[in-house]
Amino acid sequence: DITWVRKVLLPMLALKKSGGELLKADEESFGRFDVEEMKGWDAELSPALTHLGFVDTLSRALDESTLPQSLAGMPGLTRASTFVARGLKQQLKSHIERYTAIIEPTRKHLLGKLFSCCKIKCTKRKLYFGRKDCQQTHEYDRIKLVQGKAPFTYGSTMYYTVPEKYKGDYNEPDCERVMELRPNTMAQRYCQCGQKPHVKEIRISLTTAMESHCDL
């Protein structure tokens, strides 16, 4: 039951992780949640992920098609056969579907904050004046945004590495901010402008696009 996972199991794991010191099941105990690796602490996702791990593992253990022959006669599986006959597999399948339905929309929402679909345009300076298009690796791509960083302290050396209007905040809410804060990195990643033109001759434009463009 998810209540048992939230109120009993996760606090016990936090206690074990701390080496005996009484801690709560929270970000301090398990670390900040990493949506890409799906680890750390999130008040909604962590209990659901833990319970999903239990029911999915049990479901796999009861799947005769994948169970090694050497384990087929284990006492636990013999005892479980009674519950299998009463519909245990179907119940486990229902639990897996339930927790997946909780996890996936939240995961996609969090990933949407971490990545943004960007339209990319690379140009380089012509010999005398004007600009022309360069070849580029992608027309659209999902770019990972810098998020969760504390702004630099006003007056510090690093504060002045960020455009003044952002007041030392180098977090990136969208593609346009990525273009302003990391133009050279993005140009090196996406622009193919011939025989190593000077970096000042290359210009990259990033604009936020609909997610559907990056799903193609």
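These lines cover the structure that appears in this document, whether it is placed above or below. (Residues numbered from 1 in each chain as written. Predicted model: local features only at pLDDT ≥ 70, side-chain atom pairs only at ≥ 80, totals over all residues. Heavy atoms only, no water.)

1. Let's talk about the overall build of the chain
Here comes step 1: A tally of regular secondary structure across the chain gives eight helices and six strands.
Here comes step 2: Starting at the N terminus and ending at the C terminus, the chain contains elements arranged as α-α-α-α-α-β-β-β-β-α-α-β-β-α.
Here comes step 3: Across the 216 residues in the chain, those meeting the buried criterion constitute 26%.
Here comes step 4: Here the contacts in the chain between residues at least 6 apart in sequence split such that 58% fall between residues at least 24 apart.
Here comes step 5: Carbon together with sulfur atoms contributes 54% to the accessible area of the chain, which is approximately 14,800 Å² in total. (Helix = DSSP H or I, 4+ residues; strand = E, 2+ residues; numbered from the N terminus. Buried < 20%, exposed > 50% of the residue type's maximum accessible area, 1.4 Å probe, protein only. Contact = heavy atoms within 4.5 Å. Areas by Shrake-Rupley, 256 points an atom, 1.4 Å probe, with all protein chains shown as cover.)

2. Remarks on helix α3 (residues 45–61)
Here comes step 1: For α3, spanning 17 residues, the distance from its first C-alpha to its last is 24 Å, which sits close to the expected 24 Å at 1.5 Å a residue.
Here comes step 2: All of the buried residues in α3 are Leu45, Ser46, Pro47, Ala48, His51, Leu52 and Val55. (Expected span 1.5 Å × (residues − 1).)

3. Concerning the state of the cysteines
Here comes step 1: All told, the structure shown has four disulfides when counted by the stated rule.
Here comes step 2: Covalent S-S linkage joins Cys117 and Cys214, the inter-sulfur distance amounting to 2.1 Å. Between Cys117 and Cys214, the S-S torsion sits near 90°, and that sign places the bridge as right-handed. With Cys117 in strand β1 (residues 115–125) and Cys214 in helix α8 (residues 211–214), this residue pair connects regions lying 97 residues apart in the sequence.
Here comes step 3: In this model Cys118 forms its disulfide with Cys175; the gap between the sulfur atoms is 2.0 Å. On the sign convention where negative means left-handed, the S-S torsion of about -90° between Cys118 and Cys175 marks this disulfide as left-handed. Of the two residues, Cys118 sits in strand β1 while Cys175 sits in helix α6 (residues 175–181), which places them 57 residues apart along the sequence. Per residue, the accessibility class of Cys118 equals that of Cys175, and both read buried.
Here comes step 4: Should the bonded cysteines of the chain be numbered as they appear in the sequence, the pairing reads 1-8, 2-5, 3-6, 4-7. (Disulfide = S-S within 2.5 Å.)

4. Quick look at helix α7 (residues 183–190)
Here comes step 1: Along α7, the residues classified as buried are Met186, Ala187 and Tyr190. Angularly, the buried residues of α7 cover 100° about the axis, an arc narrow enough to put them on a single face.
Here comes step 2: Tucked into the core, α7 has its buried residues touching β1, β3 (135–136), β4 (140–144), α6, β5 (191–192) and β6 (202–208). (Arc of directions from axis to C-beta.)

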